[in-house]
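# Commentary on secondary and tertiary structure
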Amino acid sequence: MAQPVAEPDRLVYTPEEILDSGSYEEPLIAGGVRCHGGFDAEGQYRSPRTIHRAPAILAWKAQLAREGHDLIEIDRALMPPQYPSVEQGALLLRNGVRDPIARSLTIISIVEGFGAIIREVAVPDLGEVVVEPTEGTALAHLRGGLFEAHARDESGYREEGGHKQMWEAARDLALESPKIPGDVLMRMMGRSGQRKKAKRPYPQLDEKLERMLQMMAQVLVVEVFAEGTFAWGVELLSNPEVSAEPEAAGNMVRYVQADENPHVEYLRTALSEVRARTLRTVDGGTIPGRTVVDGLLHRILHNMIHSRPEEQRSDLRENLAEAMKVASNPKALLEEFDSLDRVWTPPDRTGFEPVTAA
Amino acid sequence: MDLLTRVYRSFEIFWLSARLWLLYKPEELARRWLRLPEASEARINGKHARAADWILACAFRLRGVIIKMCQAVATRSDMFPPEFVDKLKACHDAIPPKPWDLVKTTVERELGKPIDAVFTEFEHTPIASASLAQVHAAKLVDGREVAVKVQYPDIEQIVRTDLANMRRACIVYEWFDKEPLELLPLLTELTTHLGYELDFEREADSAERVRELFSDNEHVVVPAVHREWSTKRLLVMEKVEGMKITDVDAIKACGIDPEDVLQDLMDSYVRMILAAGFFQADPHPGNLMVTPERKLILLDFGLSKELPEGYGLGLFELMFSLMTLNEAAMIRAFQELGFETKTGDTDTFLILSRRMLARSDTGTFEGEFTEEMTDELFDAIRENPVVRVPSDFVLVGRVFSFLSGIAHTLGGRANVLAAMGAGPPG
């Protein structure tokens, strides 16, 4: 059976290698759906497409360290807490209020699936937009399998389900295939559906490069913050008091969590590589990669830590009282639910603040 | 409608049916008895083209339901040969209007008072005319400008007569043909849709529902209905003006990027169909306009459709699995949406899925891809008659087919996943 291939000095891989899953002793089947990944002879779960991808990421990180550059580190204190919390979620489920949790889990599954959009990100000719060479880096492998592997992990591919189907399976196992609230898609699309064109933060850059870096920074932050969602999912769905299949449902989220690790790692490595380089501007000048990457991360983190908690809260509370009507004493339940609220204050600094001249 | 007219319409329908039968069947039977090889594809296609010409000519003579039937056939590339689909598309174009005297009589009958008591101005030449009604510009006594949709007199009776004639013709056709095209289900579907379209009170309700859905979206306009002057056969709406959505030059001249218009259009329909499960099901270019301020105007809610609960999510799953090349998810989505095979197995779905996915090595999320996939699906279904397509899906497919046509004209590409609310991955 194929195992991850450790080749610490190897820095160049073909797309086929990056996408290679090797073989498994036993496939992962969730809720009757064949999913990606599988188990080795010892029954250990191994994520898909990691035979070469995992050692490749380690090698690119080591190369970056050898060159004396640091790796991007997002402070986990910036991660807003999940709403409802595990305690609040369990309280709802214990009282038969399933709609809000079924809705949340369905939305998580859809958002995971949307991850496939990363394969659509256009990668510019790096030789034209980056001053220093990029051969043998994660950056050089984005179009060479990394984005495609990420997309396949999230939405599934061909006959295999991905994270979308795995979250659905976790939901259906824990909540015994609940009825999906009819407003899920309306919630996702936002009621008005208005989309505004954002102003370009770095118009001096090649537009394709700017879009790619923006997307990567945004995805990195979402992936890091998703760690909180995974911890929430594992704890809530593994709770035998509220989950019909605590072991299977909890494990399913753990497998997704394990699969996400390469995403965080390749994105922070590639962005760190950009940070260690110089970017060309369209007018023939240059700009330090660090200025651009840190600027983007600061903007995204600042927006997300201030907007996400309120969005999650208003989304859940929109019809919480209505959903609670199935409980024997909705009023008391709402009071107990609110008493479990934790106050969270976003940190003052993101750690990527623009450096101002003294 | 007098007896003579009824007899004339019945005769026309049966004469058309007889000519069609004579065009195809005698040669087919002769070849079978004489053990001759089957006619060549080119010969059969030539017959299809002649048949489509005859049907079209009859439709323009009789109008009424036969026009609607032709419009329905023109949207069913899953059932009918391309010769029919292409030729009968002509029925989507403007129909000659009815004379003013007839319109005035109808308006006054519906209002229950003289036309001057409600309108200070009423344009005699209609803005648009279609198979069941025509629309005139007018001004209310309080000065507000309105568009008045007037149902043709006797159209309900004409519809009833035509439907009965066509049902008889279909039954006779199915007696004589061992492997008939399934026309009766199409006719039943058409009967339902015609019922919707002839009820202007229902249309007013539908318009108000969609208007409410987009009430806080500054990019979408649904004209308000003046309920006090509207009846089952007369619809008085706020008059809105804009450019035809396919008038690319005019749109560009206003400084609007046609791609933005296309994305607004895609956003609106994805929201109506997938999220709200209720949609205006007739998005041909005559029913869509754009204002110089880049507002999308939705018109004509006669054919609006409510989808069964959960159907939007099922459609979402199908579209999503198509766009992410996930054949296992696609098979589940086919089943959840009510597609059926005669044997109840899933092999046919697998064939369909693989065929559709074979069109692309990598997923892409843009409008053209969706159009190709929709066409591919309907082609695959037509060639594989064991599959039954749910009528709700057909209507949605028809909508996306119209939208794809508009996308081509606008020369842009809409991001369907963005319209679905896709952000960065998790």
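Residues numbered from 1 in each chain as written. Chains lettered and ligands numbered in written order. Predicted model: local features only at pLDDT ≥ 70, side-chain atom pairs only at ≥ 80, totals over all residues.

## Some details on the overall build of chain A
Broken down by element type, chain A carries 13 helices and five strands. Its C-alpha atoms give chain A a radius of gyration of 22 Å, within 12% of the compact-globule value 21 Å for 358 residues. Judged by the C-alpha coordinates and their principal axes, chain A covers about 70 × 55 × 30 Å. By residue count, 46% of the 358 residues in chain A fall in the buried class. Restricting to contacts in chain A with at least 6 residues of sequence separation, those with at least 24 account for 78%. (Helix = DSSP H or I, 4+ residues; strand = E, 2+ residues; numbered from the N terminus. Rg over C-alpha atoms; globule rule 2.2 N^0.38 Å. Buried ≥ 20, exposed ≤ 12 C-beta atoms within 10 Å, placed from the backbone. Contact = placed C-beta atoms within 7 Å.)

## Quick word on the nonpolar core
The biggest cluster of nonpolar side chains holds 203 residues, and the ones touching the most others in it are A:Ala170, A:Met216, A:Ala217, A:Val221, A:Met252 and B:Cys70. The element that contributes the greatest number of residues to this core is helix H9 (residues 207-237) of chain A, accounting for 17 residues. The residues touching A:Ala170, leaving out its near neighbours within four places in the chain, are A:Gly233, A:Leu237, A:Ala249, A:Met252 and A:Val253. (Core = buried A, V, L, I, M, F, W, Y, C linked by C-beta atoms within 7 Å.)

## Topic: the sheet that holds strand S2 (residues 33-39) of chain A
The three strands are arranged S1-S2-S3 (chain A) in an open sheet whose pairing can be described as antiparallel. Of all the strands in the sheet, the pair left with one neighbour each is strand S1 (26-30) and strand S3 (45-46) of chain A. (Pairing = 2+ DSSP bridges.)

## What about the interface of chain B and chain A?
Contacts between the two partners involve 33 residues from chain B and, on the opposite side, 38 residues from chain A. Only helix H10 (258-276), helix H11 (311-323), helix H12 (327-336) and helix H16 (416-420) of chain B provide two or more residues apiece to the side of chain B that touches chain A. Residue classes in the side of chain B that touches chain A are distributed as 15 nonpolar, twelve polar and six charged. (Nonpolar A, V, L, I, M, F, W, Y, C, P; charged D, E, K, R; others polar.)

## Considering the environment of B:Arg227
All names here are of chain B. Considering the arrangement of structural elements, one finds Arg227 in the loop between strand S5 (220-221) and strand S6 (234-238). Residue classification places Arg227 among the partly exposed residues on the basis of 13 C-beta atoms within 10 Å. For the pair formed by Arg227 and Asp205, sequence separation is 22 residues and the distance between their alpha carbons is 9.7 Å.

## Notes on the packing of helix H3 (residues 65-74) of chain B against helix H7 (residues 183-197) of chain B
All names here are of chain B. Orientation of H3 relative to H7, taken along the N-to-C sense of each, is 120 degrees, at an axis distance of 10 Å. Here H7 runs oblique to H3, going by the angle between their axes. Seen along the crossing, H3 lies across H7 with a hand that is right-handed. Where H3 abuts H7, its residues Val65, Lys68, Met69 and Ala72 lie against Leu186, Leu190 and Leu194. (Axes fitted to C-alpha atoms, helices over the stretch in contact; angles between N-to-C directions. Parallel < 35°, antiparallel > 145°, perpendicular 65-115°, else oblique. Left-handed = near helix turned anticlockwise from the far one by under 90°.)

## Comments concerning the sheet that holds strand S7 (residues 243-244) of chain B
The strands making up a sheet associate through hydrogen bonds between their backbones, and the pairing can be parallel or antiparallel. All names here are of chain B. Judged by pairing direction, the sheet is mixed, and its four strands sit side by side in the order S5-S10-S9-S7 without closing on themselves. Each edge of the open sheet carries a strand with a single partner, namely S5 and S7. Pairing geometry for strand S9 (residues 288-290) and strand S10 (residues 296-298), over three bridges, is antiparallel. Residue Val290 lies in a different strand from S10, and its bridge partner there is Leu296. Most of the contacts of H10 go to S10, to which it runs at about 40 degrees, and overall it touches S5, S9 and S10.

## Here we look at the pairing of S2(A)
Residues and elements named next belong to chain A. For S1 and S2, the ladder comprises five bridges, and the chain directions are antiparallel. Residue pairing across strands places Pro27 opposite Gly38, the latter belonging to S2. Between S1 and S2, which pair antiparallel in sequence order, lie two residues; one of them, Gly31, sits at a positive phi of approximately 55 degrees. Here S2 pairs with S3 via two bridges, running antiparallel. By the bridge assignment for S3, Gly38 is matched with Arg46. Count of turn residues in the S2/S3 antiparallel hairpin: five residues, of which Gly43 carries a positive phi of about 80 degrees.

## With respect to the environment of B:Ser321
Residue and element names in this part refer to chain B. Along the chain, Ser321 turns up in helix H11. The class for Ser321 is buried, based on 26 C-beta atoms found within 10 Å. Through-space distance from the C-alpha of Ser321 to that of Arg332 is 9.6 Å; in sequence the pair is eleven residues apart. Not counting chain neighbours up to four residues away, the residues in contact with Ser321 comprise Asn326, Ala329, Met330 and Ala333.

## Looking at unusual backbone geometry
The omega torsion across A:Tyr83 and A:Pro84 is 5 degrees, close enough to zero to call that bond cis. For A:Pro84, the location among the structural elements is in the loop between helix H2 (53-66) and helix H3 (86-94). Backbone geometry at A:Arg158 places phi at a positive 50 degrees, although glycine is not the residue there. Inspection of the secondary structure puts A:Arg158 in the loop between helix H6 (142-155) and helix H7 (163-175). Classification of A:Arg158 by C-beta neighbours within 10 Å gives partly exposed; the count is 14. Here B:Asp300, not a glycine, exhibits a phi torsion of approximately 65 degrees, which is positive.

## As for the environment of B:Ala407
By the element assignment, B:Ala407 lies in helix H15 (residues 391-410). A C-alpha to C-alpha distance of 8.8 Å links B:Ala407 and B:Thr246, two positions 161 residues apart in sequence.

## Focus on the confidence of the model for chain B
Detailed reading of the predicted coordinates is not advisable wherever pLDDT is low. Residues and elements named next belong to chain B. The share of residues in chain B with pLDDT of 70 or more is 86%, and the mean pLDDT across the chain is 84. Counting contacts from residues 365-369, a segment whose pLDDT is below 50, to residues more than four positions away or on other chains yields 21 contacts. Overall fold confidence for the complex sits at a pTM of 0.83, while the interface term, ipTM, reaches 0.84. (pLDDT = per-residue confidence, 0-100.)

## Focus on the packing of helix H10 (residues 246-275) of chain A against helix H11 (residues 289-317) of chain A
All names here are of chain A. The N-to-C vectors of H10 and H11 enclose an angle of 135 degrees; their axes lie 7 Å apart at closest approach. Considering their axes alone, H10 and H11 lie oblique with respect to each other. On H11, the residues touching Leu271, Val274 and Arg275 of H10 are Gly289, Arg290 and Val293.

## A short note on H2(A)
Residues and elements named next belong to chain A. Counted at 1.5 Å a residue, the expected span for H2 with its 14 residues is 20 Å, and the 20 Å between its end C-alpha atoms agrees. When we look at burial in H2, the residues that qualify are Arg53, Ala56, Ile57, Ala59, Trp60 and Leu64. Down the axis of H2, the sector holding all buried residues measures 160 degrees, keeping them to one side. In H2, the exposed positions that point more than 90 degrees away from the buried face belong to Ala65 and Arg66. On the buried face of H2, the contacting elements are helix H1 (15-18), H6 and H10. (Expected span 1.5 Å × (residues − 1). Arc of directions from axis to C-beta.)

## Quick look at H6(A)
Residue and element names in this part refer to chain A. Most of H6 sits inside the fold, with twelve of its 14 residues counted as buried. Among all positions in H6, only Leu142, Gly145, Leu146, Phe147, Glu148, Ala149, His150, Ala151, Arg152, Asp153, Glu154 and Ser155 are buried. Those residues of H6 that are buried are in contact with H1, S2, H2, helix H4 (99-114), H7 and H10. In the stretch just after H6, Gly156 is the one whose phi turns positive, near 85 degrees.

## Regarding the pairing of strand S3 (residues 133-140) of chain B
Residue and element names in this part refer to chain B. Taken together, the three bridges between strand S1 (residues 119-122) and S3 define a ladder with antiparallel strand orientation. In the sheet register, Glu121 faces S3, and the bridge partner there is Lys139. Sheet topology places strand S2 (residues 128-129) next to S3; two bridges connect them, and they run antiparallel. From the neighbouring strand, Ser129 faces S3, where its bridge partner is Gln134. Turn length for the S2-S3 hairpin, with the two strands adjacent in sequence and antiparallel, is three residues. Pairing geometry for S3 and strand S4 (residues 145-151), over seven bridges, is antiparallel. From the neighbouring strand, Val135 faces S4, where its bridge partner is Lys149. Linkage of S3 to S4, two consecutive antiparallel strands, is achieved through a turn of four residues, within which Gly143 is found at a positive phi near 95 degrees.

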